[in-house]
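# Architecture and fold: a report
One letter stands for each residue in the lines below.
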Amino acid sequence: MSSPAASIDQFQRRSGVVLLLCSAVVLLGLGGRLVYINTTLRDRLLNYAERQQQGGATMPARRGIILDARGRVLAATEQRPDVFVDPSRVEGDVDEFANRLSPRVNIPAANIAEKIRRRPQSRFVVIASGVDDITAEAVRAMHDPAVNLDERSVRTYPLGESIAHVLGWVGRDGAGLEGIEAAFDSHLRGKDGWRGTIHDARRRALRSSDEEMIPPKDGGHVVLTIDAEIQRIAEQALAESVNRVEAESGIAIVMSPQTGEILAMACYPTFDPNDPGSVPTDVRRNRAVTDPVEPGSTFKPFIVCGALDGSHISATEQFDCHMGVRMIGSRTIKDVKPHGMMDVKGIITHSSNIGMSMIADRMGNPALHNTIRRFGFGTKTGIECPGEADGRVYPLKKWSKLSTASVGMGYEVLVSPLQLINGFATIINDGVMLRPRIVKRLLGPGGEAVGDSESPQIVGRVVSSRIAHYVTEELLVSVVENGSGKGAKLEHYSVLGKTGTTKLISRNGKIYEPDAYLGTFVGAAPVERPALVAMVMIRRPNHRLAYYGSAVAAPAVGEILGQALPYLGVPPDKDQVAAATP
Amino acid sequence: MVALDRTTPVRPAAVILIAVMLMSIGLVMVGSATASLDRSLLAPRIWTTPFGRQAIFMLIGLAIMLLTARLGIPLLASPSVRARLPKILFVLAVALLAAALVPGLADPHHGSQRWLHLGRFGIGVGFQPSELAKLALVAFLASLLGERNANPRSFGRAFLPAALAIGLCVGLVGKENFGTAALLACAAGAILFVAGCRLHHLLLIVGLGAAGLTVLLFAAPYRLARIAAYQDFWGDPRGNGYQPLQSLVTVASGGWWGTGLGSGVQKYGYLPESHTDFVFAVLCEELGVFGGALVILLFCAFVWMGIRTMLSARTRFERLLAFGLTFLVAIQAAMNVAVVTVMMPTTGVPLPMLSAGGSGLFTVCAAVGLLAAIAHRAMLEDADGVTS
């Protein structure tokens, strides 16, 4: 028992067991460490884990569409993903990879390979942006982890440059920057949702965390009063007129006088809302509402309304038109053609400045000022387009002795093209002013109606029905029949209207620029109950070709009315046989 | 003190069963840890995925285990084999370790040259000589100190050759792989102690070993940085503290019952070496403290089997061998779990039977097979008359 060998065996067994038990105890102790980590250290470690693992992604809301009055799509949002390559995950040869990708995105393989080689450290090399459905599907079908799609929605304007100034455009981030896109941005935009995610170390989503999920609210839709076909007619007539007289620009507006709805609103030259950056800001501004001008002769019917309504003059009264030249102090007022004694009908028909100065004298400044203000000049109309100008009507105390004649001729006031046509619409609508509208109704994301009714919004009566009828049916008809508005005459419809030609103030605002004119015509048809009122303004025509409103603008208005009325199904009111044999 | 006589042996199948259980858990965890967003678990070809490779390694390992268990019975009975095979193995291991340091043959892996490249047979096959060295050194020491005519108390005939062999192995391994060197030194010292070497001889070697390890430590600056950082991971969470912090985050993410098998997040790029040295962390994330404790208990059960085998061994050689192999596996497991739970600096030692990898698995399988063979021989009648 106590032999040396036996004692060594005993020692070996004993010490071996002790050492092995020690190792087991260490292992069990490490089990205790596991508990410690999962209790005492747990909160701080889990907090760290959350910070590095949790992220989130917005679930973009779909932007609503913009429609015209007949449901044509004017602006829509499409999914147009970007195709990008993660160079670190390209397996094998870059050229071989580029060759495979090339036919799917329709980009030369050499270009792809070069893009990848130029930024080898990047994880996100965009190969093609805003690709269509077919390309996206072809890229997906590659099943190559190096190629991915970055979903992005793109605003598209199916009618291209048409209605661009009214619609406006959106920025890269999808926010409306101009026009209806900006004015109704919060309605169109909706509300993005949020999805919390757990991601891997390369920030690729592994799964969504359910407790952090806010679904997106899609944007609502906007229906405009614009009729894309009438808009097209107006744009075409405007473009032809501008180009014919080599003008700088032009504006056309078409309204329904009975409802205040804007059926067309065009500026020329126009631009592509898909690429607004390619033109100067001047071109993108919706000048029909933002840029006031001196109205000139087109202003005269409003003064006459005020004079008749206030019984300052009578319809039969004769005025001495001084054979074309009248001195007021040191100032000389001239007419285009000399006239002797004329009644108000003659004054409007021939657009006599001298006659208008006599009428203005008769009214006096307070009545003039009151008349202008009643027609809404100097105040925004309240149209839904952003950036509308007030225009400018000086306060009465700032008027000088010369102001009486100037205002009577449509100078010393600034009115926006929209204010001007809305004033005409007021006279045509029995003297009742409506708020001009370009948004017919708002729809929710599902197409349900949102907000108030579509009925016309009445601002108030400006002139009596009797006088309004007299001015339109006698005076303004005569302009087209016998006076300066002959260019707007139509074969099948009777037209009324008023021309205007103003000198343009130089860019520094001090003097009238030589040979710079604004030619205007406002017209409506048919006379009995005008369905449409249309206005065309031609700015800075080549004065050697033509510059009077009667020449540069009246034919365009005739063109617009002549095409739009049949389109709307308005029956012709002229005896066609009589018209055919003048 | 309790007198420990030779006891009834454990069933060899029980040793193998525990090893197979641990290996199976390891295979599942390797599969989970290498799950990828980009491909399925077994695609494109099964042997090219970490999971598929580990499954193949496991099958080879099982074959090695069963072969060793079977062949070990006659081999252990032969005195000449007992005397010569450990020496041959040892020389082979030392030669391979030296070869791994030759630049042309080495396969640089993670900045350390610890792999020997054995050519390509359609798939890359590397071999870590340090794994073979573990087995060889334990066998060599058991043979040197456990033979019938050996005298462990002798300085010249037992201690000196043993010390030289340990020094050679530890030195060659330690040049590139500090963790395994420390492991080898620790296991070898334990064998010398258990074999019955004189205490002052041992203290001498402990002193020398400590000095040697210190030299190795300062030879590679990154080791010092790791040691400095390991407890202060909050101070440098993206630099040297990254690995320990991510390991703790992984373990803490599991809670008591885990996030569920396959549901771990840390393996997706946050925790480096998640399927090799840190597979235990992934296991704790997905199976919780419960899963971690289960693995620890299985290792304890393995230690218990080792104790029973050691106590029932027929010869001193087999006793020392059983002790050495069991102890090696036990402290390697402890070392790995200690690293994962940030109780010691990162060393690069895999968890036996669970971490992905071939060389280490084959070594452990051979060790388990030897244990089973020793246990089997202990059940036999005392045919060769050796008793204690």
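Here the structure is shown first, and the text comes after it.
First, a word on what this report is: a plain description of the structure on this page. Owing to the predicted nature of the structure, the values given are computational and were not obtained by experimental measurement.

## A look at the overall build of chain B
- Within chain B, the secondary structure is distributed over 12 helices and two strands.
- What you see in chain B, going N to C, is helices and strands ordered as α-α-α-β-β-α-α-α-α-α-α-α-α-α.
- Across the 388 residues of chain B, 56% fall into the buried class.
- Taking contacts inside chain B between residues at least 6 apart in sequence as the whole, the part at least 24 apart equals 73%.
- Surface accessibility of chain B: about 15,400 Å² in total, with carbon and sulfur atoms responsible for 69%.

## Thoughts on the overall build of chain A
- Across its full length, chain A holds 21 helices and 25 strands.
- Sequence separation of 24 or more characterises 72% of the internal contacts of chain A that already satisfy a separation of 6 or more.
- Carbon and sulfur atoms provide 52% of the accessible area of chain A, an area that totals close to 25,600 Å².

## Overview of the pairing of strand 23 (residues 496–505) of chain A
- Burial analysis of strand 23 of chain A places eight of its 10 residues in the buried class, the great majority of the element.
- Joining the antiparallel neighbours strand 23 of chain A and strand 24 (residues 512–525) of chain A is a turn of six residues, in which G509 of chain A adopts a positive phi near 80°.

## Regarding the side chain of S249 of chain A
- With respect to the element layout, S249 of chain A can be found in strand 11 (residues 249–256).
- When residues no more than four places from it in sequence are discounted, the contact partners of S249 of chain A are V242, Y268, P269, R287, M537, I538 and R539 of chain A.

## Here we look at the packing of helix 5 (residues 155–174) of chain B against helix 7 (residues 199–219) of chain B
Residues and elements named next belong to chain B.
- Orientation of helix 5 relative to helix 7, taken along the N-to-C sense of each, is 15°, at an axis distance of 11 Å. Here helix 7 runs roughly parallel to helix 5, going by the angle between their axes. Like other packed secondary-structure pairs, helix 5 and helix 7 cross with a definite hand, here right-handed. Contact residues: helix 5 offers F155, F159, A163, I166 and G174, while helix 7 offers H201, L202, I205 and L216.
- Of the residues in the contact of helix 5 with helix 7, the class split is seven nonpolar, two polar and no charged.

## Let's talk about helix 11 (residues 316–340) of chain B
- With 25 residues, helix 11 of chain B extends 36 Å from end C-alpha to end C-alpha; this agrees with the ideal 36 Å at 1.5 Å per step.
- One or two residues past the end of helix 11 of chain B sits V342 of chain B, with phi positive at roughly 55°.

## Remarks on the pattern of salt bridges
- The full count for this structure, using the stated rule, is 34 salt bridges over all chains.
- Between E481 of chain A and K489 of chain A there is a salt bridge, with its nearest N and O atoms 3.9 Å apart.

## Observations regarding the side chain of S102 of chain A
Residue and element names in this part refer to chain A.
- Take S102: it is sitting in helix 3 (residues 94–105).
- Within the structure, S102 has its side chain in polar contact with the backbone nitrogen of A109 (distance 3.4 Å).
- Beyond its immediate stretch of four places on either side in the chain, S102 contacts I107, P108, A109 and I112.

## Considering the sheet that holds strand 21 (residues 449–450) of chain A
- Strand order in the open sheet formed by six strands is 7-3-2-10-20-21 (chain A), and the pairing between neighbours is mixed. Strands with a single pairing partner mark the edges of an open sheet, and in this sheet they are strand 7 (153–156) and strand 21 of chain A.

## Here we look at a negative patch on the surface
- Where like charges cluster on the molecular surface, the negative patch consists of D430, E473, E528 and D573 of chain A.
- Mapped onto the fold, D430 of chain A is located in the loop between helix 17 (417–428) and strand 19 (432–434).

## Looking at the interface of chain B and chain A
- Contact with chain B, which involves 61 residues of that partner, is made by 44 residues of chain A.
- A combined buried area of about 4,800 Å² lies between chain B and chain A, and 70% of that area is made up of carbon and sulfur atoms.
- Applying the counting criterion to the chain B and chain A interface returns two salt bridges.
- Where R319 of chain B meets D9 of chain A, a salt bridge forms, and the shortest distance between an N and an O atom there is 2.7 Å.
- Looking at the side of chain B that touches chain A, the elements with two or more residues in it are helix 6 (178–195), helix 9 (242–254), helix 10 (279–312) and helix 11 of chain B.
- Split by residue class, the side of chain B that touches chain A holds 43 nonpolar, 13 polar and five charged.

## Some thoughts on the environment of V222 of chain A
Residues and elements named next belong to chain A.
- Counting through the fold element by element, V222 comes out in strand 10 (residues 221–224).
- Taking the relative accessible area as the measure of exposure, V222 reaches 0% and is therefore buried.
- Note: C-alpha distance between V222 and E181 (41 residues apart in sequence) is 9.4 Å.
- Not counting chain neighbours up to four residues away, the residues in contact with V222 comprise I65, I66, L67, I180, F184, H187, L188, V439, R441 and L442.

## Re a nonpolar patch on the surface
Residues and elements named next belong to chain B.
- The grouping of L67, L71, L75, L85 and I88 at the surface amounts to a nonpolar patch, some 460 Å² of accessible area in total.
- Tallying contributions element by element places helix 2 (residues 50–77) first for the nonpolar patch, with three residues.
- Relative to the assigned elements, L67 resides in helix 2.
- For L67, a relative accessible area of 54% puts it in the exposed group.

## A closer look at the nonpolar core
Residue and element names in this part refer to chain B.
- Within the largest apolar cluster, 130 residues are counted, with the highest numbers of intra-cluster contacts made by L192, F280, F299 and L321.
- With 18 residues, the single largest contributor to this core is helix 11.
- No fewer than three residues from each of domain 1 (22–37 + 52–77 + 234–379) and domain 2 (80–219) sit in this core.
- Not counting residues within four places of it along the chain, the set of residues in contact with L321 comprises L76, V138, A139, A142, L370 and I374.

## Quick notes on unusual backbone geometry
All names here are of chain A.
- P269 follows Y268 through a cis peptide bond whose omega is 0°.
- Take P269: it is sitting in the loop between strand 12 (261–268) and helix 10 (281–284).
- Here the residue pair A525 and P526 is connected by a cis peptide bond, since its omega of -10° sits within 30 degrees of zero.
- Inspection of the secondary structure assignment puts P526 in the loop between strand 24 and strand 25 (532–539).
- Not every positive phi belongs to a glycine, and H143 is a case in point at roughly 50°.
- As for its placement among the helices and strands, H143 is situated in the loop between helix 5 (133–140) and strand 6 (147–150).
- Here the phi dihedral of R540 falls at roughly 50°; this positive angle occurs in a residue that is not glycine.
- Looking at the secondary structure, you find R540 in the loop between strand 25 and helix 19 (549–552).

The rules behind the values
Counting restarts for each chain: residues are numbered from 1 in the order of the written sequence. Each chain is given a letter, starting from A, and each ligand a number, starting from 1, according to the order in which they appear as written. Totals for whole chains, interfaces and linings use every residue, but because this is a predicted model, local features are given only for residues with pLDDT of at least 70 and side-chain atom pairs only at 80 or more, for both listing and counting. Only heavy atoms go into the side-chain values, all of them from the structure, while hydrogens and water stay out. Here a strand is any run of E in DSSP of at least two residues, a helix any run of H or I of at least four, and the numbering for each starts at the N terminus. For each residue, the accessible area found with a 1.4 Å probe, counting protein chains only, is set against the maximum for its type, and the residue is called buried under 20%, exposed over 50%, and partly exposed in between. Any two residues whose heavy atoms approach within 4.5 Å at even a single point are treated as in contact. For accessible areas, the Shrake-Rupley method is used with a probe of radius 1.4 Å. Any residue's cover is judged against the shown protein chains and nothing else. Here, a strand pair is defined by DSSP locating no fewer than two bridges between the strands. Axis angles are defined between N-to-C directions and span 0 to 180 degrees, where every axis is a line fitted to C-alpha atoms and, for a helix, only to the segment in contact. For classification purposes, angles smaller than 35 degrees are called roughly parallel, those larger than 145 roughly antiparallel, those between 65 and 115 roughly perpendicular, and all remaining angles oblique. Left-handed describes a crossing whose near helix is turned anticlockwise from the far helix through less than a right angle; right-handed describes the clockwise counterpart. Any residue outside Ala, Val, Leu, Ile, Met, Phe, Trp, Tyr, Cys, Pro, Asp, Glu, Lys and Arg is labelled polar, Gly included; the first ten of those are nonpolar and the last four are charged. What a helix should span is 1.5 Å times the count of its residues minus one. Note on definitions: salt bridges are taken to be side-chain nitrogens of Lys or Arg within 4 Å of carboxyl oxygens of Asp or Glu. Between N or O atoms, a polar contact is any pair within 3.5 Å; within protein, one atom must be a potential hydrogen donor and the other a potential acceptor, and residues adjacent in sequence are included only when both atoms are from side chains. What makes a patch is a set of residues exposed beyond 30% relative accessible area and free of salt bridges, joined within 9 Å when like-charged and within 5 Å when nonpolar (Val, Leu, Ile, Met, Phe, Trp, Tyr). For the purpose of charge, His is not counted, nor are the chain termini; Lys and Arg are scored as positive and Asp and Glu as negative. Taken as the charge location is NZ of Lys, CZ of Arg, CG of Asp or CD of Glu. The term buried area means the drop in 1.4 Å probe accessible area that two parts suffer when joined, counted for both and summed. Put simply, buried Ala, Val, Leu, Ile, Met, Phe, Trp, Tyr and Cys residues joined by side-chain atoms within 4.5 Å make one nonpolar core. For every domain, the bounds stem from an assignment made automatically or drawn from a database.

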